[in-house]
Amino acid sequence: MKRFLLTLLMSSALAACATADIVPVAEGDGVETSALELRGAVQVVADAPVLAPIAESRRQARRGREPPPLETLAAANTAARQRPTRDSFNAARQIYSYEPGALFELYTNPNYVSTILLEPGETLNSIAAGDTSRWMVTQAEAETESDGRTIVLVKPQVTGLRTNIVLITDRRTYLVEAISQAGSAYAAQVAWSYPQSVVSSSGVPPIDRLNFAYRIRTVRGRTPIWTPTRVFDDGRRTWIEFTPGVAAADMPPVFVVTGEGAELVNYRVQGQRYMIDRVFDRAELRLGARAPIIVRIDRTGAHP
């Protein structure tokens, strides 16, 4: 009987141990953690803030890297701005290479009048200036041997001014930025060459109708790579032909030489040729400022 009671008590103790809760212990320190503390830890994780979606975060980062609109505008104007360089002068005349959308700088002085010279035969339709109260911008006409040529006169009243001038012609639009400076320096005259005026068809007449009686020689500097290979005319127009390997950036402007001096003339690019809407007795290709390279072209015979 005593043995039965002892067995019964041992079985009850083992059953109690099997149903008792096991209290978790923190790893390594032997300190007990209650169920209430565990529930609190779970609640802290559940209440943590929800992170923004990754795609939205990336969009916000991209927007943060984009510059402000005014900064973008200023950078675009700076990239489009063309300034005087040593190689862009013929005497006191600065010759820009025309590009649509470019900003051409004109340095002026209150004590002098600066002139803007348009292409021969080009008609000025409209002039607009940003500051008309402190700037004089007027139109004048100049006569050449073949046709009229428009000149725009620009003069500021005081130094330290900056404005823009827009010239709208029957051929193109010029965007000019005029700057008023102190001292004695100023731009006497600004003109353009037009190397981008490409004609789709050369329009060269048959060879039996052409005059090839031209002499080509370098009169100043070393013989350049852009020396023409031949020159010819049909009695109304003249073509100057170059080697195929000459890059457009190396090409010089054309000046017709008369008893009154050298006059910049308009030309159109036809592949490796210049086409000039006139016939001349003498012309020069010039490239450089202080010591320009000059190649002279003389007509030695008349059209047959």
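Refer to the structure presented above.
Residues numbered from 1 in each chain as written. Predicted model: local features only at pLDDT ≥ 70, side-chain atom pairs only at ≥ 80, totals over all residues. Heavy atoms only, no water.

Caption draft 1: Examining the packing of aromatic side chains more closely. All told, the structure shown has 12 aromatic pairs when counted by the stated rule. Ring geometry for phenylalanine 232 against tryptophan 239: centres 5.6 Å apart, planes inclined by 20 degrees, an arrangement best described as stacked. Owing to a relative accessible area of 0%, tryptophan 239 belongs among the buried residues under this scheme. Positioned above the aromatic ring of tyrosine 98, the side-chain terminus of arginine 172 is 5.4 Å from the ring centre. In this arrangement the basic side chain of arginine 286 is found over the ring face of phenylalanine 255, its NZ or CZ atom lying 5.1 Å from the centre. (Phe/Tyr/Trp six-rings, centres within 6.5 Å; stacked < 30°, edge-to-face > 60°. Buried < 20%, exposed > 50% of the residue type's maximum accessible area, 1.4 Å probe, protein only. Lys NZ or Arg CZ within 6 Å of the ring centre and 35° of its normal.)

Caption draft 2: Region of the structure containing the environment of glycine 301. Among the structural elements, glycine 301 can be located in the segment after strand 20 (293-299). For glycine 301, a relative accessible area of 22% gives the class partly exposed. Sequence separation between glycine 301 and arginine 215 is 86 residues, and the spatial gap between their C-alpha atoms is 9.7 Å. Among all residues touching glycine 301, those that are not within four sequence positions of it are Asn211 and Ala213. (Helix = DSSP H or I, 4+ residues; strand = E, 2+ residues; numbered from the N terminus. Contact = heavy atoms within 4.5 Å.)

Caption draft 3: Here's a closer look at the pattern of salt bridges. This structure, assessed with the given rule, holds 18 salt bridges. Of the charged contacts, one joins aspartate 131 and arginine 134 as a salt bridge, the two residues approaching to 2.8 Å between their closest N and O atoms. Here arginine 230 ties to glutamate 241 by a salt bridge, and the two come within 3.0 Å at their closest N and O atoms. Of this pair, arginine 230 sits in strand 13 (residues 230-233) while glutamate 241 sits in strand 14 (residues 238-241), and the two are 11 residues apart along the sequence. Shared partners join several salt bridges into a network, and the residues in it are Arg81, Arg83, Glu105, Arg162 and Glu177. (Salt bridge = Lys/Arg side-chain N within 4 Å of Asp/Glu carboxyl O.)

Geometric descriptors of this kind do not, in isolation, establish any biological role.
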